[in-house]
Structures are given as structure tokens and as C-alpha cells.
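Tertiary structure, described
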Protein chains: 2
Amino acid sequence: MNSKKHVDYGEKLTCSISADHTLTGCRFSLAPMSDRFIDIILGAVKKTDTSKVWSDTDELSTIYRGRRIHVWDALKACFINAYTEGVHMTMEATVSKGCPGDTLADSYMALDDNLVNESFIADIHFPTVVKFALYPMGIPDYMRYIADVVNRSIDLGIYDRTAHYVTVLKGDVQDIFSFLEEASAYCEDAVSHYIMEITFAVNLSEEQAL
Amino acid sequence: MNSKKHVDYGEKLTCSISADHTLTGCRFSLAPMSDRFIDIILGAVKKTDTSKVWSDTDELSTIYRGRRIHVWDALKACFINAYTEGVHMTMEATVSKGCPGDTLADSYMALDDNLVNESFIADIHFPTVVKFALYPMGIPDYMRYIADVVNRSIDLGIYDRTAHYVTVLKGDVQDIFSFLEEASAYCEDAVSHYIMEITFAVNLSEEQAL
């Protein structure tokens, strides 16, 4: 008999019980491919104003949790703050809302809509390539929501191609984040639990990037 | 009226129609945080025997598609081949099976079970920290499959903790891959479409890793 303590998601085994749907979270990891990666990562984390989200950095990632608009404001800021001329970098981010196993613990729900980072980053532009995947959970017709979101990226002119397991987007960093935030708002209304897996890449060339 | 060409997943809008369930695929990106990242990535890609999978490298990732055991053999080999003493590196991997939008195109289904990389990598050991998330698609009771898989990692002694949006695993690279392959086999039988998002990290310390 195995005596190890198991996880038990209890009554939350199905998606019918979701956490407060106003709580959005993200977990992300910056990977600057440079000997200076520590300075770049820590510099970006420190420069980003996280006063309107709950924030934690562990050995693998940084996590922001709060209202959707403030989570996106902080995530976008940290990425832009980490951008370094000539340094190839990726940022892998999981954005999630409505996980049945989630609670309101470890969150900060700022009441006002004033974005604390946007004014410092709104005028910064650089090309960004993105791998994007959307997972609407717990429903049989999830492909139609994915199609809606991908088609929106086509309308916005940032769709590059459908590839195995991802949609590839290309565009200015401002347009990319604008689309992702809009997709996140759409999913918040349309499904009870969704996850977005996004990998942003900058300063890459065909021969250098895997 | 918008005349841009949209995606259309057609009859495959629900998970009831799945691709041949023997086809597994992965898309992964290595991120060695070093000025030597190009040599490390390309060296690992070239060293890995991909004769039993379909393989492609684009500007963002490498993709392997084929039978589950050969996809895992190649993925494990490429990660181990990229491991470089003293270099902090992550590998972000999406493993997927059964996507309704998938087809048998771009795949190679090797008939025999002989793993072409395993004998070269089976004796290589180093500690690995992993972020792991499982997404069983199209079904309301997906949390129970996630719990099954997480509990298996607890039984195997590689479970570190449940964290926001991921399960953190820690262990020798051989034990980590052994668990992931087993979880993949379990999911192949249990659900029609699943995705695993896994980020492997090596040579990291609390102060250097985000």
C-alpha cells in the first residue's frame, strides 16, 4: 500500500466549479541567450511596476495574479523591459483563467483601471515573433473558440501561419500584445477555463534560432 | 466585409473526430543562456538521430512527429545532447496527440520499436527541474486525469510541489523522462486529445533563474 500523500482536487474535479472569473494569472520565464542573462532578467523584473498585481518569482518563473488588465500590463512591461538590442531572447508565458483547482489566494485585485506600466512602454517598438496556442478547457467544441481567436489575428494582420501545434504571429510588440489582451478578454467571456501558451521571440534569425 | 482568408477547421470543430491516435508530436525550443547558444543548439540538433521520426526545424522550434516512443527518444536525446556543463539552459516542449485539426501529413511512423538514441544517452545523469502542465481536451472531467498523472509523479518521488499553473518536478534527467513517457502513454489510452506543456531547466540557482 502506498502511503505517499496524493493530491486531491476534491469537489473541483470538473470544470463546473470555477474560481472567481475575474482572477487572471500568468507564469512566465525570460530566456535571454547571453552570458549577461542574469542582469537582463533581474533588471526587467525590478523595473516592472507590480503594485497592481500579486507577484512572486521562484527558481523557474515569475507569476503575476490579479485583474486581467493589470496582469497584461505587467507582463508586457516585463518583456519590453527585458528587451536588449542585439540579444536573442524568448519569453515563454502561460496565461490562465478559471482553473477549477485555483482559488483567490495569492492574488491582488486592484480596484481601479489605471495601468501603471503602459505610459512607460507604449512608445517602444520592435519586431516580435510569437508561437501561440489556446486551450479552452472542459468543453467538446473547443476548436471553434480557437478558430475565432486565430481568425481575429488574421483580421489584424499579425497572423503568419498555422504550424504544427501552434499559430505563428509576427508583428510589432505593441500589436502583438494588443491582440493577446483582446483574445484574453474574449476567452474570459466565452469559456469558463482557458489557458494560453505563448512564446515570444526577439532578435532572431533563421540560422540562429531553433 | 472582410475579405481576408480565415482558417476553417471544418468538420473537425469538436474533439469527436481525432487524427490517427498512434501519431504523437512535439515542438520544442532550446534556450541555452550563453553567448554560445547557436553552437549548443545546432550541435544538439545535428547529434540527435531523427531517422525514426519526421523532423523539421523552423525559426522558433524543432518539431518531431511519429510514433510516441520514437518521438520521446528523439526529444530526450536532443535535450541531453544540448546539456553543457555550467550553462543554464531551458527547453520548452509541447507534446501533443489527437488534435482534431491534425492529420497524418508530416509524420513518419517507423515500424519497429528499436530506439535509435537511447543507448547513447541512457548513462548520462544530471539534475533537472521541470514545470509540467497537462491539458486533456474536450471533456468536462479533465481534472481527474491531471490528478492521476500528478499522483504518479508523487509515487515516483520526483514531485516537488504544486505551484500556480504548473506542477514542479525535480529529479535525475532519466527519471524525469521516464515519468513523462509513461504519462504520455497513459494519456494516449485515456483521452482522445491531450497536450503536455513542459519546461525543463538545468544548471540553475535561485538567484540566477527567473
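Here the residue index of a chain counts from 1 through its sequence in written order. Each chain is given a letter, starting from A, and each ligand a number, starting from 1, according to the order in which they appear as written. The predicted origin of the model limits local features to residues at a pLDDT of at least 70 and limits the giving and counting of side-chain atom pairs to 80 or more, whereas totals for whole chains, interfaces and linings rest on all residues. Remark: hydrogens and water are excluded; side-chain values derive from all non-hydrogen atoms of the structure.

Looking up chain A in an unreviewed UniProt entry gives the name Thiamine-binding protein, with the organism given as Bilifractor porci.

**Brief notes about the overall build of chain A**
Helix and strand content of chain A: five helices and eight strands. Moving toward the C terminus, one meets the helices and strands of chain A in the order β-α-β-β-α-β-α-β-α-β-β-α-β. For the radius of gyration, the atoms used are the C-alpha atoms, and the globule rule reads 2.2 Å times the number of residues raised to 0.38. On C-alpha atoms alone, chain A measures out to a radius of gyration of 18 Å, which is about the 17 Å that the 2.2 N^0.38 rule sets for 210 residues. Overall, chain A is about 55 × 45 × 35 Å in size when its C-alpha atoms are taken along their principal axes. Residues are treated as being in contact if the distance between any of their heavy atoms lies within 4.5 Å. Considering only intrachain contacts with a sequence separation of at least 6, the fraction spanning at least 24 residues in chain A is 80%. Exposure was quantified through the Shrake-Rupley algorithm and a 1.4 Å probe, taking into account, for residues, occlusion by the shown protein chains and nothing else. Accessible surface for chain A amounts to roughly 8,300 Å². Of this, 51% is attributable to carbon and sulfur atoms. The numbering of helices and of strands both runs from the N terminus, where a helix is a DSSP run of H or I of at least 4 residues and a strand a run of E of at least 2.

**Digging into the interface of chain A and chain B**
The interface is formed by 88 residues belonging to chain A together with 88 residues belonging to chain B. Contact between chain A and chain B buries roughly 7,100 Å² in total, counting both sides, with carbon and sulfur atoms accounting for 61%. When a carboxyl oxygen of Asp or Glu lies within 4 Å of a side-chain nitrogen of Lys or Arg, that pair is called a salt bridge. Along the contact surface separating chain A from chain B lie eight salt bridges. Two residues, A:Glu59 and B:Lys170, come together in a salt bridge whose shortest N-O distance is 3.2 Å. Polar contacts, as used here, are pairs of N or O atoms within 3.5 Å; protein pairs need one atom able to donate a hydrogen and one able to accept it. Residues neighboring in sequence count only if both atoms are side-chain atoms. Applying the counting criterion to the chain A and chain B interface returns 35 residue pairs in polar contact (both at pLDDT 80 or more). Each of two parts loses accessible area, computed with a 1.4 Å probe, when they are put together; buried area is these two losses added.

**Quick word on the pairing of strand E8 (residues 194–202) of chain B**
Residues and elements named next belong to chain B. When you tally the buried positions in E8, you get nine out of nine residues, the bulk of the element. Any residue under 20% of the maximum accessible area for its type is buried, any over 50% is exposed, and the rest in between are partly exposed; the area is computed with a 1.4 Å probe on protein chains only. Side chains Tyr 194, Met 196, Ile 198, Phe 200 and Val 202 project from E8 onto one buried face, and the interleaved Ile 195, Glu 197, Thr 199 and Ala 201 project onto a second face that is buried too. Sheet topology places strand E4 (residues 89–97) next to E8; nine bridges connect them, and they run antiparallel. Bridge assignment links Lys 97 to a residue of E8, and that residue is Tyr 194. Two strands pair if DSSP finds at least two bridges between them. As paired strands, strand E5 (residues 127–136) and E8 are joined by eight bridges and run antiparallel to one another. Across the sheet, the residue bridging to Leu 134 is Met 196, located in E8.

**Examining the UniProt feature "domain: Thiamin/hydroxymethyl pyrimidine-binding YkoF putative" (unreviewed entry) in chain A**
Residue and element names in this part refer to chain A. UniProt positions are given in the numbering used here, feature names are shortened, and annotations may be inferred rather than shown by experiment. Here the UniProt feature "domain: Thiamin/hydroxymethyl pyrimidine-binding YkoF putative" (unreviewed entry) sits at residues 24–102 and 130–203. Between the end C-alpha atoms of residues 24–102 the distance is 10 Å, and the span holds 33% helix and 35% strand. Annotated as residues 130–203, this span is 45% helix and 38% strand, and its ends, taken at the C-alpha atoms, are 12 Å apart.

**Description of the pattern of salt bridges**
Following the criterion strictly, the structure yields 28 salt bridges over all chains and no others. For A:Glu182, the salt bridge is made with A:Arg152, and the minimal N-O distance between the two is 2.5 Å. Within this pair, whereas A:Glu182 is found in helix H5 (residues 173–190), its partner A:Arg152 is found in helix H4 (residues 142–156), the two being separated by 30 residues in sequence. Residue A:Arg152 is classed as partly exposed on the basis of its relative accessible area, which comes to 33%. As a salt-bridge pair, B:Glu118 and B:Lys76 come within 3.2 Å of each other at their nearest N and O atoms. Residue B:Glu118 is located in helix H3 (residues 118–121), and its partner B:Lys76 is located in helix H2 (residues 68–82); the two are separated by 42 residues in the primary sequence. Of the residues examined, B:Glu118 reaches a relative accessible area of 24% and is grouped as partly exposed. Where salt bridges share partners, they join A:Arg27, A:Asp58, A:Glu59, B:Asp160, B:Arg161 and B:Lys170 into one cluster.

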